[in-house]
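Topology and contacts: notes
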Amino acid sequence: MPRASIPGTPALGGSRWNTFPAAGATLTAREFFTATEPLLQGIIDDNALTGADREVLEDQIRAALALGTRETSLPLFLGPDSAPAARELGAHAETIGQELASWATEALERLLTDPVPLPAGPLVVRSHCYGHLLTPAAADLLLGRRGGPVTMQLYNEWLHQMVLLRDALLPFTNWQDVPLLITPTGLRHTEPARDTFLTELLVRQIRHTSIVAFARNVVTGTVGPAGYGFEADGGTALPAVLDRPPLTAPRYLLTWRPDPTVGETVTYVAEVRDYYAAPRTLVEDLPPATTTSGPLTARTRTAPAADGARTARIEVTCDGTTAHVDLGQALRGHRFTRREDPAAGHAPGTADAWSALRAPGLVWTESGDVTLDATGRDDLVVLALLGRLYPENVALRPADRSAGRSAGRSVGRSVGRSVGRSVGRSAARTAADGTGPSRLVALVDPARAH
């Protein structure tokens, strides 16, 4: 990729490793990585590195961005008993780290033969140490054989920017598309928000609102009310489940959806902050199932923004009747719902999904396990159903087609979806002492093969 200078911008070199404007710039991960290459060039020049040294630096960045290594920059130890959010974020960190390390490998090889011009002279920057560990071979190369303070500070700054980049991207499924706010200090402006985010991730079960708050900060540099997603200039960041089947979608990660009509920053918030206080309806009090002549269709609707926040709902319609479900509660239900094996124990009772969707408040029971058949329904209808169930002891289970079960319903259900302004998936906890709500099982279509 040819490098072009921008007229009127200060020259690279001396104490300047970037030309980001004081007001900040918006860059994707790849664009920001490319913008940090002058730091790598400074390391190569000051240390007279050759192709023989490349493997040492490649091993170093891979070790720093991996989990479970001595040099890891994210001491998140995962196991079978780790919280679901930690497992989801940890696996995502591994994926992003491996890709960033591959970019570094390519950049080092290229810069050895196609250097970045530094018209203002050799690069010398002051980089405050963040405590990242070096492999023994990298420490010898950067501090021992030919290195020194200049090389070490250049590498420290580049490595820290890579760690900040990896962490800034953690909340997003489509992390390569996210528009990051970049200032003249690179991503160092995210450090306070990152420290808060990582502290919660490492010492407790991180809240979804904390993931959203950090995501908002890396995109906009601002804070706002606690919520499950946000709009910012050029797009929306909402839970990934809005584009994917609830059975397989990530519970905690967001997806950035470009939308040129969005201008101001607004947070999506749930209508009811504490679902314990929401009214409830017993399954036994639901009206009997009725025969419907048409499919269930669904779409999302947003309310006007007020004081930097807005709510949204899923509207499910059948035969001219519409049920409304808060998107925030639906997303909460998705996060808390367990995912069961198709062969899990069958719930003896049954209830009609459309009756549940029209019920006032949250549906629950203490009178035995109940199955609600949502097979053949659109993903957004299933999500709405999860938002109508009281999120304690709720499970999603794929229908066991191998057992010869008849779905008894047409698979061709249509849903008019407005993904750009959606939100939601709810949360379910299991009562370990057996005195809580009985199990509600939402039966859904099996995962589609790709």
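Heads up: the structure comes first, above all this text.
The following paragraphs examine the structure supplied in this document. Remember, it's a predicted structure, so these values are computed and weren't measured experimentally. (Residues numbered from 1 in each chain as written. Predicted model: local features only at pLDDT ≥ 70, side-chain atom pairs only at ≥ 80, totals over all residues. Heavy atoms only, no water.)

When you go through the protein chain residue by residue, the secondary structure sums to 11 helices and 17 strands. The buried share of the protein chain, reckoned over its 450 residues, is 55%. Look at the contacts in the protein chain between residues 6 or more apart in sequence, and 80% of them connect residues 24 or more apart. Here the protein chain has roughly 19,100 Å² of accessible surface; of this, 54% comes from carbon and sulfur atoms. (Helix = DSSP H or I, 4+ residues; strand = E, 2+ residues; numbered from the N terminus. Buried < 20%, exposed > 50% of the residue type's maximum accessible area, 1.4 Å probe, protein only. Contact = heavy atoms within 4.5 Å. Areas by Shrake-Rupley, 256 points an atom, 1.4 Å probe, with all protein chains shown as cover.)

Our next topic: the packing of aromatic side chains. Per the counting criterion, the structure on display carries 12 aromatic pairs. Summarising the aromatic geometry, the rings of Phe-33 and Trp-103 are spaced 5.7 Å apart at their centres and angled 70° between planes, so their arrangement reads as edge-to-face. On the criterion of sequence distance, the pair formed by Phe-33 in helix α1 (residues 29–35) and Trp-103 in helix α4 (residues 84–111) is long-range, its members being 70 residues apart. Of the two residues, Phe-33 and Trp-103, neither departs from the other in class, the shared state being buried. For the pair Tyr-275 and Tyr-390, a centre-to-centre distance of 5.7 Å together with 70° between the ring planes defines the contact as edge-to-face. Remark: Tyr-390 occurs in the loop between α11 (379–388) and β16 (394–398) and Tyr-275 occurs in the loop between β6 (266–268) and β7 (280–282); sequence separation between them is 115 residues. The exposure classification of Tyr-275 matches that of Tyr-390, with both residues buried. Connected via pairs of aromatic rings, a cluster forms that spans Tyr-275, Tyr-276, Phe-336, Trp-364 and Tyr-390. In this arrangement the basic side chain of Arg-280 is found over the ring face of Trp-364, its NZ or CZ atom lying 4.8 Å from the centre. In this structure, Arg-280 packs its charged tip against the face of Tyr-390, placed 4.0 Å from the ring centre. (Phe/Tyr/Trp six-rings, centres within 6.5 Å; stacked < 30°, edge-to-face > 60°. Lys NZ or Arg CZ within 6 Å of the ring centre and 35° of its normal.)

Moving on, we get to the nonpolar core. With 77 residues, the main nonpolar core has Ile-61, Tyr-155, Trp-158, Leu-165, Phe-172 and Phe-230 as its most contacted residues. When residues no more than four places from it in sequence are discounted, the contact partners of Phe-230 are Val-212, Ala-215, Arg-216, Val-219, Thr-236, Ala-237, Leu-238, Leu-254, Trp-256, Val-266, Thr-267 and Tyr-268. Residues Leu-238, Ala-353, Val-381 and Leu-440 belong to the second largest nonpolar core, which totals 43 residues. (Core = buried A, V, L, I, M, F, W, Y, C linked by side-chain atoms within 4.5 Å.)

We now examine the sheet that holds strand β10 (residues 312–318). Strand order across the open sheet formed by three strands is β8-β10-β11, with antiparallel pairing between neighbours. Pairing within the sheet leaves two strands with one partner each, and these edge strands are β8 (297–302) and β11 (321–326). Here the average twist between neighbouring strands, direction ignored, is 25°. When β8 meets β10, the two strands line up antiparallel, connected through six bridges. Bridged to Arg-301 within β10 is Arg-313. The sheet contacts of helix α9 (residues 327–336) involve β8, β10 and β11, and relative to β11 the element is tilted by about 65°. (Pairing = 2+ DSSP bridges. Axes fitted to C-alpha atoms, helices over the stretch in contact; angles between N-to-C directions.)

Looking now at the environment of Leu-57. Within the secondary structure layout, Leu-57 lies in helix α3 (residues 54–65). Leu-57 sits in the buried class, given a relative accessible area of 3%. For the pair Leu-57 and Leu-134, spaced 77 residues apart in the sequence, the C-alpha separation amounts to 9.6 Å. Residues contacting Leu-57, with those up to four places away along its chain left out, are Leu-49, Leu-108, Leu-141, Leu-142 and Tyr-155.

So, on to empty space enclosed by the protein. This model, assessed by the stated rule, comprises two cavities of 30 Å³ or more. By volume, the largest cavity is sized at about 50 Å³. Only α8 (208–220) and β3 (229–232) provide two or more residues apiece to the lining of the largest cavity. The element that contributes the greatest number of residues to the lining of the largest cavity is α8, accounting for four residues. Looking at the lining of the largest cavity residue by residue, the classes come out as five nonpolar, five polar and one charged. In this model, the second largest cavity occupies a volume close to 30 Å³. (1 Å grid on protein atoms, 1.4 Å probe; cavity = no way out; pocket = protein on both sides within 12 Å on 5 of 7 lines; lining within 4 Å. Points joined across faces, edges and corners; volume = space filled by probe spheres on them. Nonpolar A, V, L, I, M, F, W, Y, C, P; charged D, E, K, R; others polar.)

As a further point, take the packing of helix α7 (residues 191–203) against α8. Running from N to C, α7 and α8 point in directions that differ by 160°, and their axes come no closer than 10 Å. With respect to α8, the axis of α7 lies roughly antiparallel. Here the hand of the crossing between α7 and α8 comes out left-handed. Contacts between α7 and α8 involve Ala-193, Arg-194, Phe-197 and Glu-200 from the first element and Ser-210, Ile-211, Phe-214 and Asn-217 from the second. Each residue belonging to the contact of α7 with α8 can be placed in one class, and the counts come to four nonpolar, two polar and two charged. (Parallel < 35°, antiparallel > 145°, perpendicular 65-115°, else oblique. Left-handed = near helix turned anticlockwise from the far one by under 90°.)

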